[in-house]
Each structure stands twice: as C-alpha cells, then as structure tokens.
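Analysis of the macromolecular model
Chain by chain, the residues run as shown.
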Amino acid sequence: MSTVPEDRRRLAFDLDPLLEEAGQEVEVYVIPNGVETYALTDAMPALTQVYGGAARIYPVDPSWMSDWRLSRLHMARDEGEARRSGAALLEELIAVAATCRLSRRPSLSSAGSSGSDVQGRVEGLVGAERALVRGSDGEVRTVALEASFPGLGVTIDQVLAPGQEVRGVESVRGFLDLSGSLRDGAAWIEELPEGAVALVRVGEVRPERMVVEPWPGVAVDVGLVDVTSSDLDRLTDLFWEGSVARARVHRGAGKLRLTLADVDDDDPLEPVPSLLPGGPPWLVEEGPAWERIEDREAADEGVPASAEWVQAIISDHVEAATVPIAPASTPSGVAAVADPLEEARQRANRLSRELSLEREARARQSRELKALAGALADEQRTSREAQREVQKLANRVHELMEGNRRSRDLARKQRGRPGSEVDPMATTEVFFTDPEQQFRHEVYLAWCRRIPASDKEQRQLPGQWALGPAFLASLEALTAVSRGKVLDVVVEVLTDLVREVPGRELHPLRVDAGGASPQLTRADGATAWRVSLQVNSPGARRLHYWRLQRGGIELARVGHHDDLSV
C-alpha cells in the first residue's frame, strides 16, 4: 500500500514495475494522504500504519499485526531515498509474490512431495534471498530461501556460493528445493570436543543474559557471569542481535554450555561448518569495520556488470526453452515465439536497471561508512589499550595487597616468638564482655590500621552497620583464616573499598549455583552479596552480607565456598 504526499501530485515510487510484478497474487492500493490515511491509521494496529508518501507490504500471514517488523516501512522523503526504497520495495514484493504462487502449488519442502531430482551448479546470487542454479540439463532454476530453508534466519550467501555443486528436487516448475541437502547441526555440535572454541551467532540480548546459536535454530542461554567478571558490564553494551562471537564449549550432565569470558583471540578456532555440502561457512568472524567495507567492495568488483550477468543467464534460459519457429507462412507461430523472447528481454532490462540503482546506493553507503571507519577503528584501538592498562594496574594492586597481607601474617607470627615486640594496634586483648561490642572495637582498630590517614576522611566507617544473628557464631567456628584477615575484609566492605580490590571477587549471592539465577533478596528489600576471604585454595572461605534498602550493611556469616546460606 502506497500513499500520495500532500505536497506532490504523483507517487514517489515507480508504480509500473510494482504492478507488473504483483500480477494476480498481490493487490496494490494507492491512498491519498489526508482523511483516508487518518481513518486507516485509526483502524490499524500500533506501528503498522502508512502515510506521508511511504509504502508498506502486508503479508497474508497476519503475524505482522502483533509484530510490526514483519511489515517493513519504505520511506520516500526525497528522490534519492525514493530510488533506494523503491528497489527494496520491489525486491520484497518479488519475494511475497513468489511465496503466494508457491503456496498455491505443491509444497517445495513437504516430505514425499513428487518431483524430479536435479543436479546443478550455482550460477549466482540475487539479493539476500535468491540464487540461480543451472542444472545438468542446461536449464536455470531459482532457489527461494524461504521455501528451502524456512526459519533459519540466514541470508542466501550463508548457504550457497557461486560455483557450488548442489542437488535438489524440482516439484514446482522453475524452483529448486534444496532442503533435503541440509546438514545435521546436532551431529556437528555433538562432535565438538570439550574446551573447543567455535563461532556463534548472537540472538536475543538482554542486560544480564543473551542467546547464542552455534547452528541456526540451536539456542543456548548465556549469563552475564559467562561473559565478563565485572558486575558493572551489561551484555547490551557488548553485543547486538546478529553479531558473531567466539565461545568455548563445556559439557556437564549431558548439557551443552557455552562461555565467552575464557576465550582469547589467539585460541585455535574450530572450522566453521557449511549448511549444505560444499557451501560457504555459515558464519564469518567480523573484523574491524574498515576491513569489512574493503572486503565488500572487493567482492563487488569481482561480480560481472549487472546487465551482462542477468541478461546472459536469462538469454540462455530462453534459448533452452525456445520451440522451433513455425514457417514464415504461419504468422501466429512466429508471434508465439517472439512474445516470450520480447517479454524476457524487457524483464532483463528492468532487472538490470534495478540492480544498477541498488549498486549505486551500496557504493554511496560504502563511501560514507569508510569515512567513519577510520575514526571508529582509532576509538576501538584506544579502548582496547586502555582496558589492558586498567587490567595491568588492577593486577599490580592485587599483587601489592596480597604481599601486604602476607607481611602482616608474618608479623603476627613474629610477635608470638620470645623477644618479639607486640604491635598495640593489632592486639586481641579483650576490652568488653559483650562479644558484639568487642568485635565492633576490633573493627575500629582494623580501620585505623587498614585505612591511611590521608584517606580516613573519605573512607569513614558508616554510622549504622549491623551484625546478623549468625555472624559471630560463624566467625568463632571459622578455621584456616585469621580473625585479623576477616576484620580487614569487613573494613573494606563497610568503607566500600571492596569494589576496588579485584582479589575480593565481589559479586551478588544468587538463589542457587546457576549463573543465570536471580540475586537473593530479602523480604525487606535487602540484597545479598559475597566477597572472598581466600582465593585459589581448597574450600576457599567467603564473607556474606546484606546491603540494606535504606542504606547500610548487615554482616550475615562467614563460611566455605560451597556454603550459599545467608
């Protein structure tokens, strides 16, 4: 459906090729912009309206009524946009019309459908959804993506490549069904070894979880903890739907698990499979933006001119289908042959013009993208260098703090030997009969010792912090970690210094051990958190605490790594 803008007397789009392609399968309506489009807007579902000189195709399948993206809006605000949108509109119309024709005939992909086996070679790709295959009998047939491979979410160049040998079934004249040659993705995934690194396609992305596909339609959930160790990161900032990433394969309890956090750029990559035998890899790892632009331009230069390519294929097809010309004394016989030839030539010329317009539009877009690619590459390079520097500094800080901790532990051992001096700031002498008052006193002394004088104004102990009912009992039962170490970590938690210490591994305490499970939350809105008292040791000890909704900290308990209670 197309509308006429108020400020123009004619359509922005060329209606003739649209009507020619629509045939008897697609109805075309032209609606003046004004009262009629207001009425149409009121009657249509949200985001599916069309007005102001735009155009839209509504498929027979009513799914577009709940998902407006299934009915693409083609804008024409100026002549350049009208040309580009007109070519895209025509391509979409060709696909819709072909689908309508196929739906009235025997299904291309139905099991047991009658048809003849055809072997051939891919001559070329047309747009994102079509390929032309020349059979061993010399005839050219069309491969329709939506008919052979419905629901895979791929483009034709992810399945077929020029020169590829294929085999399929021609159950509808002129259309080749290749669905029977589709490889078994489950078998390929089953053969991936433990720890292998493979390319995956990113599907739905949310801030703390996303879906990736090692094979079209094989969805694997990935949580934030499987991608990054930082709780400040959001997956929506790192990935987008349709992007390609590297993932490491893990298997446990017979279930496939993929992680992205433990993958390096120099890790060996599993060969990317093809969806059909002899086809191209269905995924290609994305390089920098400027490399993708140059690759696309180089590919364009290697394709023959649109007119010669299309006309050569159609001419061959027409010649192969031509019947003997009747004698000159039979004008009707000559006309019967001449009309199809003339029709084929006109169609070839029209396709040539459309492809030329599309190539011009792509060339302009490539120039614009290339102008921005250099700046984008510099920004990405600077960002990667900054991230490496931050990681180096964080590792250095962690090393210094661990060295400082070992020095304190050694000093405590030295104080217990005969003749050694006792540090009055580290004394464990009992000053209070109440265990909670004694612990609070020790926390204050640890704060005096732990926080430098220059930082005490900024890193003050909070006025209100609480001890949970089980905290002191769990502290008394704790082994393998000194009380002084616990006091140091408590000071880091209370002063919020813990966020700057990588060795503490601060992260939410979740409902269960699953990486994608929600954070544990109390009825009063408090959220549970976990920090490390030890790292890289069997049964490493952890500190659990609550961050209160009204502000403040409540220490819950200390225990083993596998103890998730709070």
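Residues numbered from 1 in each chain as written. Predicted model: local features only at pLDDT ≥ 70, side-chain atom pairs only at ≥ 80, totals over all residues. Heavy atoms only, no water.

With that settled, consider helix 12 (residues 483-494). Taking 1.5 Å per residue as the helical rise, helix 12 with its 12 residues ought to reach 16 Å, and the 16 Å between its terminal C-alpha atoms agrees with that figure. With 11 of 12 residues buried, helix 12 lies mostly within the body of the structure. Looking only at helix 12, the buried set comprises Gly484, Lys485, Val486, Leu487, Asp488, Val489, Val490, Val491, Glu492, Val493 and Leu494. Where helix 12 terminates, the next one or two residues include Asp496, which has phi positive at roughly 65°. (Helix = DSSP H or I, 4+ residues; strand = E, 2+ residues; numbered from the N terminus. Expected span 1.5 Å × (residues − 1). Buried < 20%, exposed > 50% of the residue type's maximum accessible area, 1.4 Å probe, protein only.)

On to the pattern of salt bridges, then. Counted under the stated rule, the structure contains 25 salt bridges. Measuring nitrogen to oxygen at the nearest pair gives 2.9 Å for the salt bridge that ties Glu123 to Arg134. With Glu123 in strand 5 (residues 116-126) and Arg134 in strand 6 (residues 130-135), this residue pair connects regions lying 11 residues apart in the sequence. The salt bridge partner of Lys392 is Glu389, with a shortest N-O separation of 3.9 Å. Here Lys392 and its partner Glu389 are both found in helix 9 (residues 331-415), three residues apart, which amounts to about one turn of the helix. Owing to a relative accessible area of 53%, Lys392 belongs among the exposed residues under this scheme. Exposure remark for Glu389: the relative accessible area of 44% places this residue in the partly exposed category. In this structure, a network of salt bridges that share partners links the residues Asp137, Glu139, Arg141 and Glu170. (Salt bridge = Lys/Arg side-chain N within 4 Å of Asp/Glu carboxyl O.)

Backbone geometry follows two general trends: most residues other than glycine have a negative phi, and most peptide bonds adopt the trans configuration. Residues other than glycine seldom take positive phi values, yet Leu47 does so here, at roughly 70°. By the element assignment, Leu47 lies in the loop between helix 2 (35-43) and strand 3 (55-56). Of note in the backbone geometry, Glu505 takes a positive phi value of approximately 50° without being a glycine. Its location among the elements puts Glu505 in the loop between helix 12 and strand 16 (507-508).

Among the nonpolar cores identified, the biggest contains 41 residues, and Val159, Leu160, Leu178, Met210, Val212, Leu258 and Leu260 are the most heavily contacted of them. Listed by contribution, the elements that provide at least two residues to this core are strand 5, strand 6, helix 5 (185-191), strand 10 (197-205), strand 11 (209-215), strand 12 (218-223), strand 13 (244-252) and strand 14 (255-259). The leading source of residues in this core is strand 13, at four residues. Not counting the four nearest positions on each side in its chain, Leu260 is found in contact with Met210, Val222, Asp226, Val227, Phe239, Ala245, Arg246 and Ala247. Of all hydrophobic cores here, the second largest spans 30 residues; its members include Phe439, Trp447, Val490 and Val531. (Core = buried A, V, L, I, M, F, W, Y, C linked by side-chain atoms within 4.5 Å. Contact = heavy atoms within 4.5 Å.)

With that out of the way, let us pick up the sheet that holds strand 14. The strand order across the open sheet formed by five strands is 12-11-10-13-14, and the pairing between neighbours is antiparallel. A single partner strand is all that each edge strand has here, and the edge strands are strand 12 and strand 14. Put simply, the sheet's adjacent strands are angled 50° from each other on average, direction ignored. Here strand 10 pairs with strand 13 via five bridges, running antiparallel. Bridge assignment links Arg201 to a residue of strand 13, and that residue is Val244. (Pairing = 2+ DSSP bridges. Axes fitted to C-alpha atoms, helices over the stretch in contact; angles between N-to-C directions.)

Let us now look at the packing of aromatic side chains. Tallied over the full model, the rule gives three aromatic pairs. When the ring of Phe439 is compared with that of Phe471, the centres are 5.4 Å apart and the planes differ by 65°; the resulting orientation is edge-to-face. You can see Phe439 sitting in helix 10 (residues 435-450) and its partner Phe471 sitting in helix 11 (residues 471-477), a full 32 residues away along the chain. A relative accessible area of 0% places Phe471 in the buried class. One Lys or Arg, Lys456, reaches over the ring of Trp447 and ends 5.2 Å from the middle of that ring. Over the face of the ring belonging to Trp546 we find Arg522, whose NZ or CZ atom lies 4.6 Å from the ring centre. (Phe/Tyr/Trp six-rings, centres within 6.5 Å; stacked < 30°, edge-to-face > 60°. Lys NZ or Arg CZ within 6 Å of the ring centre and 35° of its normal.)

This part takes up the pairing of strand 10. Counting buried residues in strand 10 gives seven out of nine residues, a clear majority hidden from the surface. Relative to strand 11, strand 10 is paired through three bridges, and the arrangement is antiparallel. By the bridge assignment, Arg201 is partnered in strand 11 with Glu213. Counted along the chain from strand 10 to the antiparallel partner strand 11, the turn is three residues long.

We now examine the packing of helix 10 against helix 12. At a minimum axis distance of 9 Å, the contact between helix 10 and helix 12 shows a crossing angle of 75°. Taken together, the axes of helix 10 and helix 12 are roughly perpendicular relative to one another. Between helix 10 and helix 12, the contacting residues are Phe439, Glu442, Val443, Ala446, Trp447, Arg449 and Arg450 on the first element and Arg483, Leu487, Asp488, Val490, Val491, Glu492 and Leu494 on the second. Of the residues that constitute the contact of helix 10 with helix 12, the class distribution is eight nonpolar, no polar and six charged. (Parallel < 35°, antiparallel > 145°, perpendicular 65-115°, else oblique. Nonpolar A, V, L, I, M, F, W, Y, C, P; charged D, E, K, R; others polar.)

Attention now goes to the pairing of strand 11. Counted residue by residue, strand 11 has six buried out of seven residues, so it is predominantly covered. Pairing geometry for strand 11 and strand 12, over five bridges, is antiparallel. Looking across to strand 12, one finds that Trp215 is bridged to Val218. In this antiparallel pair of consecutive strands, strand 11 and strand 12, the connection spans two residues, and Gly217 shows a positive phi of 90°.

The next thing to look at is the sheet that holds strand 17 (residues 527-532). With mixed pairing, five strands are arranged side by side in an open sheet as 15-19-18-17-16. Edge positions in the sheet fall to strand 15 (465-467) and strand 16, since each of these pairs with one other strand and no more. Bridging between strand 18 (residues 541-547) and strand 19 (residues 553-560) involves seven bridges; their strand directions are antiparallel. Within the sheet, the bridge partner assigned to Leu543 lies in strand 19 and is Val558.

Judged by side-chain polarity, Leu19, Val28 and Val30 come together as a nonpolar surface patch covering roughly 210 Å² of accessible area. The exposure class of Val30 is partly exposed, given its relative accessible area of 38%. (Patch = residues over 30% accessible without salt bridge, like charges linked within 9 Å, V, L, I, M, F, W, Y side chains within 5 Å. Areas by Shrake-Rupley, 256 points an atom, 1.4 Å probe, with all protein chains shown as cover.)

Attention now goes to helix 10. In a regular helix each residue adds 1.5 Å, so 16 residues correspond to 22 Å; helix 10 covers 22 Å between its end C-alpha atoms and thus fits that length. Along helix 10, the residues classified as buried are Gln438, Phe439, Glu442, Val443, Leu445, Ala446, Trp447 and Arg450. With a side-chain oxygen lying 3.1 Å from the backbone nitrogen of Glu436, the N-terminal cap of helix 10 falls on Asp434. (Polar contact = N/O pair within 3.5 Å; in protein donor to acceptor, adjacent residues only side chain to side chain.)

Now for the confidence of the model for the protein. Averaged over the protein, the pLDDT score is 78; the fraction of residues at 70 or greater is 80%. The model gives residues 288-294 a pLDDT under 50, and that stretch makes 12 contacts with residues more than four places away or in other chains. Of the regions scoring below 50 in pLDDT, residues 316-338 engages in 13 contacts with residues more than four places distant in sequence or in other chains. (pLDDT = per-residue confidence, 0-100.)

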